Amino acid sequence: MKRLLLINPVGRRSGYLLSRISSFPPLGLAYVAAVTPPDWEIKIVDENFEGSVLEEADLVGITAFTSSINRAYEVARNYRERKIKVVLGGIHASMLPEEALQHADAVVIGEVEGVWDRVIHDFERGCLAERYLGPQIDLEESSIRPRRDLLDPRYLWHPVQTSRGCPFNCHFCSVSRYLGKRYRQRSADDVLAELSTIPGKYIAFVDDNLIGYSPENKLRAKRLFQGMIERGLAKKWWMQASINAAEDEEVVRLAAEAGCLFTFIGFESTRRETLKTMEKGVNLKVGVERYRDVVGRFHKHGIGVYGAFVIGNDYESEGYYREMAEFLLRSDIDMFQISTLTPLPGTALMRQLKEEGRLLCENLPQDWDKYRFSYMVHKPRGLDPETVYAGNNYIKGRLYSLPAYALRLGRSLYNLKGLKKFLVVYQLNQALRRSWRNSHYYNRYTLP
């Protein structure tokens, strides 16, 4: 029996990987395993838990984000030196196949499920091609279930994907280029059938937007949540959604009744000018002044809000960071992801910064390690990178210092209407605080 090794590389255990409550298993590899012929023995090697030692294999498959791609290249080199064929996939390899091919025998560009059988077929006949272009699969027709039995059981969250694609084209995001601009969904019944097979209690819906963008999308979300309630699945879960998801109160109410713990929302900025640059049209339509109202609609039904914000944009200032910290403290948001603006491969932002000569980390691929949302890898207009680090420390210092931190947690306990929900929010806050304190910029930069 031929042996396939599927590897999840981790270059540096930092950020969200430091805590069980903020890390997730490699669902993509479980899908690769699901479409591999049954006459193959398959193992998923997850470097979140174990170092990747050289194991016997006939074929190796590796997926990686940009921040871990150098570790992927290192692992690939180790196997190729032993004359074992290596296939690279994932969003980084899809955006930069020419680079990836310098470190692998073949690259899968795009979605793997529709092309993996051809990869295996070609490998078995000794004629592996360099590139395989994966088609965008029809999720309504697909019945593929990920091989969860191969994922490490120590993870808290069981990831579930119910949709792919995004009709938006945010300046800093490559999802629409990777998965397409057409929003594709699995049926509610199909998702419910999968949920019923997952023994674990905690679910992470990893869709970029579980609720979707159109009235038809929202109807599917309502059917999904209603089905979870009627079937008594008793799952506790979280989702990602756009800022306008709260406009339909029935969606929010049903989500709460179905077990939703919190919603991850990309608020991104507290400045209209920055939102325009990011091309965040939905956020502009809702309005920065209504962020707190959005949070309140989720809190009305006991759902927490995990707010994402990005700093390091052009023309920010010391004063802006101070104002932003006060804004966030008054927002009633329960958890905060404060990231530095990072131009990833395939984004309009990367293209613009390269054309303008504003990249600071261009020794590639070595510098990809710094493209992890905590380094300033470009020169913003109107301020120095050191000021961004200082602003990051200032904002997080305000969010996690006493008495502000205790008051924030107290409001969350009240708004979430339940101790169990609050404990999840508390643990995530602690994980985010630990991630900040483990950062390379922690306490090295301060605002004057």
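All values derive from a computational prediction rather than experimental measurement. (Residues numbered from 1 in each chain as written. Predicted model: local features only at pLDDT ≥ 70, side-chain atom pairs only at ≥ 80, totals over all residues. Heavy atoms only, no water.)

Moving on to the pairing of strand S10 (residues 202-205). Both strand S7 (residues 158-160) and S10 contribute to a ladder of three bridges, which runs parallel. The partner of Pro-159 across the bridge, within S10, is Ala-204. With three bridges connecting them, S10 and strand S11 (residues 236-241) associate as parallel partners. Bridge pairing in S11 links Ala-204 to Trp-238. Chirality of the crossover, the property in question, places the unit of S10, helix H8 (residues 215-230) and S11 among those that are right-handed. (Pairing = 2+ DSSP bridges. Helix = DSSP H or I, 4+ residues; strand = E, 2+ residues; numbered from the N terminus. Right-handed = clockwise from strand over helix to strand, strands pointing away.)

Taking 1.5 Å of rise per residue, the 16 residues of helix H15 (residues 385-400) would be expected to cover 22 Å, and the 23 Å separating its terminal C-alpha atoms lies within 8% of that figure. Looking only at H15, the buried set comprises Pro-385, Thr-387, Val-388, Tyr-389, Ala-390, Gly-391, Asn-392, Asn-393, Ile-395, Lys-396, Leu-399 and Tyr-400. Next to the buried residues of H15 lie strand S13 (304-311), helix H13 (318-330), strand S14 (335-340), helix H16 (404-416) and helix H17 (419-437). (Expected span 1.5 Å × (residues − 1). Buried < 20%, exposed > 50% of the residue type's maximum accessible area, 1.4 Å probe, protein only. Contact = heavy atoms within 4.5 Å.)

The final tally for this structure, using the stated rule, is 34 salt bridges. Linking Lys-222 and Glu-250 is a salt bridge whose minimum nitrogen-to-oxygen distance equals 3.2 Å. Taken together, the residues span a long stretch of sequence, with Lys-222 in helix H8 and Glu-250 in helix H9 (residues 249-257) at a distance of 28 residues. Using a relative accessible area of 39% as the deciding quantity, one classes Glu-250 as partly exposed. The partner of Lys-300 in a salt bridge is Glu-249, with the nearest N and O atoms 2.7 Å apart. Placement of the pair is Lys-300 in the loop between helix H12 (291-299) and S13 and Glu-249 in helix H9, with a sequence separation of 51 residues. Glu-249 sits in the partly exposed class, given a relative accessible area of 38%. (Salt bridge = Lys/Arg side-chain N within 4 Å of Asp/Glu carboxyl O.)

The contact between H16 and H17 brings their axes to 8 Å, and the two run at 150°. It follows from the interaxial angle that H16 and H17 lie roughly antiparallel. In the crossing of H16 with H17, the sense of the turn from one axis to the other is right-handed. Of the residues in H17, those in contact with Tyr-405, Arg-408, Leu-409, Ser-412, Leu-413 and Leu-416 of H16 are Leu-419, Lys-421, Phe-422, Val-425, Tyr-426, Asn-429, Gln-430 and Arg-433. Per-class residue counts for the contact of H16 with H17 are eight nonpolar, three polar and three charged. (Axes fitted to C-alpha atoms, helices over the stretch in contact; angles between N-to-C directions. Parallel < 35°, antiparallel > 145°, perpendicular 65-115°, else oblique. Left-handed = near helix turned anticlockwise from the far one by under 90°. Nonpolar A, V, L, I, M, F, W, Y, C, P; charged D, E, K, R; others polar.)

So, to be careful, I would describe these as geometric facts and stop short of saying anything about function.
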